[in-house]
Amino acid sequence: MAAKYGSSKVIFEFDSTQCVVDIKNPNTHHPLINIISRIKSLMEANRQWSIAHVSREANGTADFLAKRALTVFYKSGILHLPPPPDVLPLLQCDLFAIWGVGVGGG
């Protein structure tokens, strides 16, 4: 999706340390090695793409959107740009968890 929309610099954030480790250093015996290898190949082809670990507290929006995608996106095929209104409070919470920024930029 990042390539489709022309994003050149992308940071993929995971709240699973194991996912980050598996992608950076794939184990050939991992049951998902085909998927992990494909991710690693895409990362290597797009040098400005990176992966990072984030705390679960800073990943609330992603969790919400992933759960919502199971019901909304696959049924309707709708991609929300900008984010849906019910996601905005979660984005504010994530911003506060990462940067200590309060509502209103304070």
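What counts and what doesn't
Residues numbered from 1 in each chain as written. Predicted model: local features only at pLDDT ≥ 70, side-chain atom pairs only at ≥ 80, totals over all residues. Heavy atoms only, no water. Phe/Tyr/Trp six-rings, centres within 6.5 Å; stacked < 30°, edge-to-face > 60°. Helix = DSSP H or I, 4+ residues; strand = E, 2+ residues; numbered from the N terminus. Buried < 20%, exposed > 50% of the residue type's maximum accessible area, 1.4 Å probe, protein only. Lys, Arg positive; Asp, Glu negative; His and termini not counted. Salt bridge = Lys/Arg side-chain N within 4 Å of Asp/Glu carboxyl O. Polar contact = N/O pair within 3.5 Å; in protein donor to acceptor, adjacent residues only side chain to side chain. Contact = heavy atoms within 4.5 Å. pLDDT = per-residue confidence, 0-100. Axes fitted to C-alpha atoms, helices over the stretch in contact; angles between N-to-C directions. Parallel < 35°, antiparallel > 145°, perpendicular 65-115°, else oblique. Nonpolar A, V, L, I, M, F, W, Y, C, P; charged D, E, K, R; others polar. Arc of directions from axis to C-beta. Core = buried A, V, L, I, M, F, W, Y, C linked by side-chain atoms within 4.5 Å.

Under the defined criterion, the tally for this structure stands at 1 aromatic pair. Relative to W49, the ring of F12 lies with its centre 5.5 Å away and its plane at 70°, an arrangement referred to as edge-to-face. One end of the pair, F12, is in strand 1 (residues 10–14); the other, W49, is in strand 2 (residues 49–53), and 37 residues separate them in sequence. Residue classification places F12 among the partly exposed positions, given a relative accessible area of 29%. With a relative accessible area of 11%, W49 lands in the buried category.

All right, on to the side chain of D22 then. Looking at where D22 falls in the secondary structure, it is placed in helix 1 (residues 17–24). Buried charge D22 goes without a salt bridge, the closest partner of opposite sign being K40 at 11 Å. Reaching out from D22, the side chain makes a polar contact with the side chain of Q18 at a distance of 2.8 Å. Excluding anything up to four places from it in sequence, D22 contacts H30 and I36.

Model confidence for the protein chain is summarised by a mean pLDDT of 76, while 74% of its residues fall at 70 or above. When the criterion is pLDDT under 50, residues 101–106 qualifies, and its contacts beyond four places in sequence or with other chains add up to 6 contacts.

Once that is clear, we can look at the packing of helix 1 against helix 2 (residues 33–45). Following both chains from N to C, one finds helix 1 and helix 2 inclined at 70°, their axes separated by 9 Å at the closest point. Between helix 1 and helix 2, the interaxial angle falls into the category roughly perpendicular. Between helix 1 and helix 2, the residues in contact are D22, I23 and K24 and I36, I39 and K40, respectively. Its residues placed into classes, the contact of helix 1 with helix 2 shows 3 nonpolar, no polar and 3 charged.

The next point concerns helix 1. Where helix 1 is concerned, the buried positions are V20, D22 and I23. Down the axis of helix 1, the smallest arc covering the buried residues is 165°, so these residues share one side. The secondary structure elements touched by the buried residues of helix 1 are strand 1, helix 2 and strand 2.

Counting 6 residues, the largest nonpolar core consists of V10, V20, I23, M43, W49 and I51. At the level of elements, helix 1 and strand 2 are the ones that each hand at least two residues to this core.

With that settled, the discussion passes to the environment of I51. Examined against the element boundaries, I51 turns out to sit in strand 2. In this structure, the C-alpha to C-alpha distance between I51 and V10, residues 41 residues apart in sequence, is 8.4 Å. Discounting residues that sit within four places of it in the chain, I51 has contacts with F12, F14, V20, I23, K24 and M43.

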